[in-house]
Amino acid sequence: MSFAPDHKFNQMKQIRDELVNFKESPLYEYRRKNKYFPVVGEGSHAAKIMFIGEAPGKSEAETARPFCGRSGKLLDEMLASINLNRSNVYITNVVKDRPPENRDPAEEEIKLYSPFLDRQIEIIEPKVIATLGRFSMAYILEHFGLKDMIRSITQIHGKEFVADTKYGKVTIIPFYHPAVALYNSSNRETLMEDFQILKKYK
Ligand code: URA
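Quick caveat: nothing in here was measured; it's all calculated off a predicted structure. (Residues numbered from 1 in each chain as written. Predicted model: local features only at pLDDT ≥ 70, side-chain atom pairs only at ≥ 80, totals over all residues. Heavy atoms only, no water.)

**Some words on the sheet that holds strand β2 (residues 49-53)**
Pairing within the open sheet is mixed, and its six strands lie in the order β1-β3-β2-β4-β6-β5. A strand with exactly one partner marks an edge of an open sheet, and here the two such strands are β1 (42-43) and β5 (161-165). Here four bridges tie β2 to strand β3 (residues 90-93), and the two strands are oriented parallel to one another. Counted as the bridge partner of G53 is N93 from β3. (Pairing = 2+ DSSP bridges. Helix = DSSP H or I, 4+ residues; strand = E, 2+ residues; numbered from the N terminus.)

Structure, rendered in structure tokens:
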């Protein structure tokens, strides 16, 4: 187990404070009315592997914890299959507030919230970014200069892409979103198989 220095904690807290007061977001009013929380992220600030989902759902917005509903239970199972748990990795989303009725995040929302994610990546400096679902896949590949590599998630799930960052190389691996594997056993098997790739990066 490695420990993250305090400055990482402080930088992450600063992001949380900004998100709490993020009135510029079109999702802020919805959050306030429903007494929801922004979902910043959870896990080790020294994690080698960072998981990035889409946006919080209802359970997440009620508890401020990413992936704590049904998709999260499956994510926990996938992590356990490679002998990892939430304290070994960092888990967050591109969009930090719940979109109404679990609709897809809008382009404008991705634009507004992604600078927070970019800062989180710079704080954690992961060796691997595991994207969950097509929105984080597209955002991350484009962000790291790999826009030309973007295909449908059915074509590039489980593939490894290497990019340069300010802190060195990062491997980006797109995964299906756990929600699509909840009711489809073949997607679930594919996700489980793809997850095994992460063993070599632990
Ligand atoms: N789906 C996501 O993309 N993120 C969560 O935190 C929960 C469900």
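**What about the packing of helix α4 (residues 70-81) against helix α9 (residues 185-195)?**
The axes of two packed helices give the description: the angle between them and the distance between them. Put simply, α4 and α9 touch, their axes get as near as 9 Å, and they point 40 degrees apart. In terms of orientation, α4 and α9 fall into the oblique class. Regarding α4 and α9, the two cross each other, and that crossing is right-handed. Listed contacts from α9 to L74, L75, E77, M78, L79 and S81 of α4 are R188, L191, M192 and F195. Looking at the contact of α4 with α9 residue by residue, the classes come out as seven nonpolar, one polar and two charged. (Axes fitted to C-alpha atoms, helices over the stretch in contact; angles between N-to-C directions. Parallel < 35°, antiparallel > 145°, perpendicular 65-115°, else oblique. Left-handed = near helix turned anticlockwise from the far one by under 90°. Contact = heavy atoms within 4.5 Å. Nonpolar A, V, L, I, M, F, W, Y, C, P; charged D, E, K, R; others polar.)

**A look at the layout of surface pockets**
By rolling a water-sized probe across the atoms, one finds the places where empty space is left. By volume, the largest pocket amounts to about 570 Å³. If you trace the largest pocket, you find 26 residues lining it, with E54, A55, S71, H177 and A179 closest to the centre. The set of elements that each furnish at least two residues to the lining of the largest pocket consists of α3 (58-63), α4, α6 (134-143) and α8 (178-182). Looking at the lining of the largest pocket, its residues break down into 11 nonpolar, eight polar and seven charged. (1 Å grid on protein atoms, 1.4 Å probe; cavity = no way out; pocket = protein on both sides within 12 Å on 5 of 7 lines; lining within 4 Å. Points joined across faces, edges and corners; volume = space filled by probe spheres on them.)

**Considering the packing of aromatic side chains**
Applying the stated rule across the entire model yields five aromatic pairs. With 5.2 Å between their ring centres and 80 degrees between their planes, F22 and Y113 make a pair best called edge-to-face. Linking F22 in the loop between α1 (6-20) and α2 (28-33) with Y113 in helix α5 (residues 107-124), this pair joins segments that are 91 residues apart in sequence. By relative accessible area, which is 0% here, Y113 ends up buried. Measuring from ring centre to ring centre gives 5.7 Å for Y30 and Y36, while their planes differ by 75 degrees; the resulting arrangement is edge-to-face. On the basis of relative accessible area, Y36 is assigned to the buried category, the value being 9%. Site record: aromatic cluster; members linked through ring pairs are F22, Y113 and F116. (Phe/Tyr/Trp six-rings, centres within 6.5 Å; stacked < 30°, edge-to-face > 60°. Buried < 20%, exposed > 50% of the residue type's maximum accessible area, 1.4 Å probe, protein only.)

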